[in-house]
Every structure is written in structure tokens, then in C-alpha cells.
Amino acid sequence: MAEELNITHERIDDIPLLIGLSQKLQLAEVIDQNLGNHGNHQGLSNGVLTMVWLAYILSEQSHKKYLVQEWAEAHRHMLERLVGQPLRDVEFSDDRLGIVLQHLSDRESWHSIQADLWSHRVEVYAIEVKSVRIDTTTVSGYHEITEDGVMQKGHSKAHRADLAQIKLLAACVEPGGQLAISEAMAGQKGDAPLYTPAIKRLRDLLQQSGLLYTGDSQMAAIATRADVVAHGDYYLMPLPMLGETAQQIESWIAAIVDGPETAQLIWRDHELLAAGYEFSRPLTYCVDGQEIQWTERVQIVRSFAFAEPQIKHLEQRLAKAQRELLALTPTRGRGKRQYQDEAKLQEAVAAILAQYKVTDLLSVFWQREETVTTLYTGRGRGGAERPTRTQTKVRYQITAVSRDEAAITRRKHFLGWRVIATNVPLSQMSLPETTLHYRRGICIERDFHALKDRPIGISPLYVHRDDQIIGMTNLLCLALFLQTLIQTEVARQLAERQETIAGLYAGQPKRATAAPTAVSLLKAIAKQEPTLTCVHIGAQCLWHVTPLSDLLRRILNFLGLSPALYSGLAPNSS
């Protein structure tokens, strides 16, 4: 009797690479060391559960807990070979994963996990740290708001003030853009108090002094700036339009528009980006009981890209104001209001000019019109002997609305300006260099976009308890850490070897790049459909793995990973 033949196929895609990368960073060990495991815990540890869950998130582009168990069962053989342990049916149940999130929500444990992972990252992969970029974002959701809950209404950076949100602070190192730390907190918290504790964490993490910390205007609190100076570091950020800055900004701009200051032009690759000037001022502030004194450079910079939409908006306001002013005095007709009192017309004109903030830019002219009508006195038909009277009606008609082109041009010259503050010595960074450095803030924005877009897609969170929300946010930040690591390391390797990589773009097989995204790299691997095949002949199993492509071998090589992650899945393959 012939033995029964059965063939099964299992797509493995980028999963071995992702788990291999986590193993190289000792991610499971770091998680277990900081989270621990319950005394009665059986099966896979919290660290291994987290490591495999992260592979699921990045490979399947989903963080829904209830789908992980089914996915793990479909890849049982591969996962068992990769983690070196058998998988029980209950390993990735919703309850087990919920416990992982509960542990990940602990603030001190989370800080230790990020610190240990960074230490392993530096040991395994060379990384250059010249500066640090810090910023915050918000993640909205349809969550119930409770008094002390983490989901609260606040200033939404996604312009969804109607939804509850969680706030996330993150920092990445430059020039690569590798995520270094993150912190999830209640959505109503202000940004300003978050920066000093974050910089302290970064200082302990990076173990470097003399770094440049760059952030937005919320980082510009004098206490934050003084703390940076006190620890021998540097800062760079725009000043908010508050206090002295709000009072002085117009005179600072006028000094270059009308006054003696000369604009320094700022170029990038033959493109004129901005112009400005700077001055220095002494500052003093007390940090931990010690008076700190330093010199701050105040840079008044006009970005032409920043000014363009503001100029366009000004022209739109002028046009709307002109239309509304001319519409104040329509021709006579039924239901058309006429101004018979000049004072009321003046009030209406002033209100429109003030509404659109163009009071000094438009001039409005009107004239007084009189209509005299002769009427018969009394009742009955008119006649030659009938007495008459005259009735005079007065209306005011706007005749013209003219633009003061000189004033408008001057107003446009006052648009597009920022006030940048830094304590970096001029000998280290010139005005053009600080301006260009600030404009390169795309690295942290890119990380936030990566967190919110696929494959991570943090919103919606699919969890509702506070500990689960914080835990899930931290878990997805671990996924972002792995994703940015892939991206920065591959780009670094390509730069060192002066190479490019092709085959990442659908329909453009020859298109090459020296800075591929992690998403494009993982998609290219999945597109090749690496597959694990098992041929069952009776009680015998023969395994086979799809031969690795040159592209996959290159990516593994760039990350310092062995092809055996894939070939080792087929123990008796030829």
C-alpha cells in the first residue's frame, strides 16, 4: 500500500529577520529582566511573548490582540524553531498578551527597558550621536473619559479636539533618526514641563555631554534652557510668541526691514531658503540653588517657505474684506438694507477691517446721496391747487475700496519670521548652520508618521483600560524602535560602502536608493514570498525553504544577521 503524501506550505516572509533582530538585541532577556515572570508562569516568558508579538505587528501590520493566537498557530513550526521552545495552544491568548501589556505599563520598568535596549543597540551596532531631537504628538481615540484616566481631551496635534487622546513624547538621535526614548502620558498634559525630565533621561542614556538638544517652542521655557546649560549641553528651539518675545518681535523685524540690520542669506544646494540676523544677550537663572549665567544667541530668521502661505492668507483676507465692504451698500431694492446714518456705516466698515486685520491696508470711500420726492398733502387726487410737500431720503453709498500697496508690501515683509534661541557658540555653528539644522527636524516627524501609519498604525488602540493603553503604546514604541533600527542601520551600511539598493519599488525594479525605509525593505522581502514547505510521507517529514534572494541576503548582511535564520527552519532540507 502506497504511503499517503501530504504537502503543506507556510509563508515565512520577514518574520525570521524580525525575530533574529530582536534576538541580536537580547530583547526577550531585557524584557524578562525588567518585567519578570509570575512564579506560576508556564510556557513562553513575557520577553519571548513580546518578541514574537512584535514580529507579528511589523509583519502583519496589525496590533489586534485577538488575532495573534491564530497567526502563531499558523506559523507554529517556524516560531518553535526560531525561539527554541515548543508553543502551547494558550501562549498567545488575549489574556496572556493583556498581562504583558499590564507589565509594560509600569513607568520605571519601561524606562529600564529602553535604557537596556539602547545599551545593547550601541554594543551591537555602531551609532553616531551628534544631536537629539525631542517632540510630542497625540493619539486620539473614541475612548470614555474618566476623571483620572489617561485618555483626556486636550490640545490635539491631529486637530481632533472632540476626541479623547493620549500624549506621547519621543526623542531620536541625529543624524540617523534612531528612536531613543518615549513616554506615554495623559492627553491633557502640557508640553513644557515634559522636556527637562526627558533630557535628564537622555543624558543618562547617552552618557555624552556637549550634545545639541533641538525641540519646538514648548521646549523654550527658561528653566529648561538653564538646565541644559548647567549640564554642559546646548539647545536650539524657536521662542514662543509670549512675554518679551511677543513685545519685541515687531521691533526686531523692523530692525532688518526698515532699520540698520543687514540680512544674511541662507542657501541650501543653490536654493535660497531664508534670511535673517542675530544678536546676543546675557541670561541668568537659578538651577538647583546655583546661579547659572550664559550668553544666548537670538536669531531673527525669515523662512520664505514659511512666509509664502502667510502672504497668500493675507491676500485672501484683503479680497474677502473688499467684497464684504462693497456689499455693505447695495443698490436700492426690496429687502436691501440702506445706510442712512453715516456713523453706523463707519462702524460697519471698521468692524470688517478689524475682522480681517487689514485696517491700515485698505481705504474705503463713500458718498452721501439724497433723493427728493414731492408728495401731495392730505387724501385724494392731486391737482393744481393741491398743496404739496417734499420728502428727502438720505443713503450712503460706498464708491471705492482701494489698496495701500506700499503698506501691504511692508506688511508682507513682516511675515514668515521666527525667533530662534540657542547657546551654541558661533564658532561651532553659524546662523545658516543653525537654521538648516532646525529645518532638518523631519527625523522625529518621520518617526511619528511611522508610528501612526502602517505597519504599526497606533490608532485605533483597540484597548480601553488605562494600563492596557499605556502598555500598548509602549509596545508599539518598541516596534518603532526596531523599525527605525532597520532603517538607520541599512542606510549607514550603504553609506559606508558607497552602495545603493534596488528592487524595493513596485514596477521600478532598477530604481535604487541609498536611504531605504524599513517599510520598503520589509515589503520587498514579503513580496518575494519566502516559503517553508513540508512534505509528509507517512510518518516522515521533509522540509524545504525557498532559496534566499540576493536582496534578502544583502539586507540580512547589513543587519549582521545570518541566512541560517531562514535555512535553519528546514532541519533535514537538502
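My aim in this report is to walk through the structure given alongside it, one point at a time. (Residues numbered from 1 in each chain as written. Predicted model: local features only at pLDDT ≥ 70, side-chain atom pairs only at ≥ 80, totals over all residues. Heavy atoms only, no water.)

1. Side note on the overall build of the protein
When helices and strands are counted, the protein shows 19 helices and 16 strands. Computed over C-alpha atoms, the radius of gyration of the protein comes to 33 Å, more than 25% over the 25 Å expected from 2.2 N^0.38 for 574 residues, which places it beyond the range of a compact globule. Taken across its 574 residues, the protein has 48% of its residues classed as buried. In the protein, the proportion of contacts linking residues at least 24 apart, taken out of those at least 6 apart, comes to 69%. For the protein, the accessible surface area stands at approximately 28700 Å², while carbon and sulfur atoms represent 50% of it. For the protein, the distance from the average site of its 61 positive side-chain charges to the average site of its 65 negative ones is 11 Å. (Helix = DSSP H or I, 4+ residues; strand = E, 2+ residues; numbered from the N terminus. Rg over C-alpha atoms; globule rule 2.2 N^0.38 Å. Buried < 20%, exposed > 50% of the residue type's maximum accessible area, 1.4 Å probe, protein only. Contact = heavy atoms within 4.5 Å. Areas by Shrake-Rupley, 256 points an atom, 1.4 Å probe, with all protein chains shown as cover. Lys, Arg positive; Asp, Glu negative; His and termini not counted. Charge placed at Lys NZ, Arg CZ, Asp CG, Glu CD.)

2. Comments concerning the sheet that holds strand β16 (residues 540-545)
Overall, antiparallel pairing links the 3 strands, which are arranged β1-β15-β16 in an open sheet. A single partner strand is all that each edge strand has here, and the edge strands are β1 (5-11) and β16. Neighbour to neighbour, the strand axes of the sheet diverge by 20 degrees on average, direction disregarded. The sheet contact formed by β1 and strand β15 (residues 531-537) spans 7 bridges and is antiparallel. What sits directly across from I7, in β15, is V535. (Pairing = 2+ DSSP bridges. Axes fitted to C-alpha atoms, helices over the stretch in contact; angles between N-to-C directions.)

3. Comments concerning a positive patch on the surface
A contiguous patch of positive charge, built from R268, R418, R439 and R440, is present on the exposed surface. Turning to its location among the elements, R418 is positioned in strand β12 (residues 417-422). The class of R418 is partly exposed, set by a relative accessible area of 31%. (Patch = residues over 30% accessible without salt bridge, like charges linked within 9 Å, V, L, I, M, F, W, Y side chains within 5 Å. Salt bridge = Lys/Arg side-chain N within 4 Å of Asp/Glu carboxyl O.)

4. Comments concerning the packing of helix α16 (residues 466-497) against helix α17 (residues 518-527)
Two elements in contact, α16 and α17, have axes separated by 8 Å at closest approach and are oriented at 95 degrees. By the criterion of interaxial angle, the relationship of α16 to α17 is roughly perpendicular. Seen from α16, the contacting residues are Q483, I486, Q487 and V490; seen from α17, they are A518, V519, L521 and L522. Counted by class, the contact of α16 with α17 contains 6 nonpolar, 2 polar and no charged residues. (Parallel < 35°, antiparallel > 145°, perpendicular 65-115°, else oblique. Nonpolar A, V, L, I, M, F, W, Y, C, P; charged D, E, K, R; others polar.)

5. Quick word on α16
With 32 residues, α16 ought to run about 46 Å at 1.5 Å a step, and its terminal C-alpha atoms sit 47 Å apart, in line with that. Across the 32 residues that make up α16, a large majority, 25, are buried. Q498 lies just past α16 and shows a positive phi near 55 degrees. (Expected span 1.5 Å × (residues − 1).)

6. Observations regarding empty space enclosed by the protein
If a probe the size of a water molecule is rolled over the atoms, the empty space left behind becomes visible. One pass over the structure, following the stated rule, counts 2 cavities of 30 Å³ or more. Taken together, A274, V301, S303, F306, G416, R418, I420, T435, Y438 and R439 form the lining of the largest cavity. Elements with a minimum of two residues in the lining of the largest cavity: β9 (290-303), β12 and α14 (431-439). Examining the composition of the lining of the largest cavity, we find that 3 residues originate from one element, α14, more than from any other. Broken down by class, the residue content of the lining of the largest cavity amounts to 5 nonpolar, 3 polar and 2 charged. Approximately 40 Å³ is the volume found for the second largest cavity. As for the second largest cavity, its lining consists of Q114, L117, L179, A180, I181, C477, L478 and F481. (1 Å grid on protein atoms, 1.4 Å probe; cavity = no way out; pocket = protein on both sides within 12 Å on 5 of 7 lines; lining within 4 Å. Points joined across faces, edges and corners; volume = space filled by probe spheres on them.)

7. Some remarks on the pairing of strand β2 (residues 129-141)
The buried count for β2 comes to 12 of 13 residues, which makes it a mostly enclosed element. Judged from the 3 bridges that link them, β2 and strand β5 (residues 212-214) form a sheet pairing that is parallel. Across the sheet, the residue bridging to R133 is T214, located in β5.

8. Concerning the side chain of S59
Here S59 is to be found in helix α3 (residues 46-60). By relative accessible area, S59 is classed as buried at 17%. Here D14 takes part through its side chain, which lies 2.8 Å from a polar atom of the side chain of S59. Look past the residues within four positions of S59 in its chain and what remains in contact with it is D14, I15 and L18. (Polar contact = N/O pair within 3.5 Å; in protein donor to acceptor, adjacent residues only side chain to side chain.)

9. Focus: the packing of aromatic side chains
A complete count under the given rule lists 2 aromatic pairs for this structure. Note that R418 overlies the ring of F306, its terminal NZ or CZ placed 4.2 Å from the centroid. The lysine or arginine in question, R511, covers the ring of Y505, its NZ or CZ lying 3.8 Å from the ring centre. (Phe/Tyr/Trp six-rings, centres within 6.5 Å; stacked < 30°, edge-to-face > 60°. Lys NZ or Arg CZ within 6 Å of the ring centre and 35° of its normal.)

10. Section: a nonpolar patch on the surface
A cluster of nonpolar side chains, namely L265, W267 and L272, defines an oily patch on the protein surface of about 290 Å² accessible area. Among the secondary structure elements, W267 is positioned in strand β7 (residues 264-268).

11. Some details on the environment of A515
Along the chain, the position of A515 falls in the loop between β14 (512-513) and α17. A relative accessible area of 55% places A515 in the exposed class. Counting along the chain gives 25 residues from A515 to V490, while the straight-line C-alpha distance between them is 7.8 Å.

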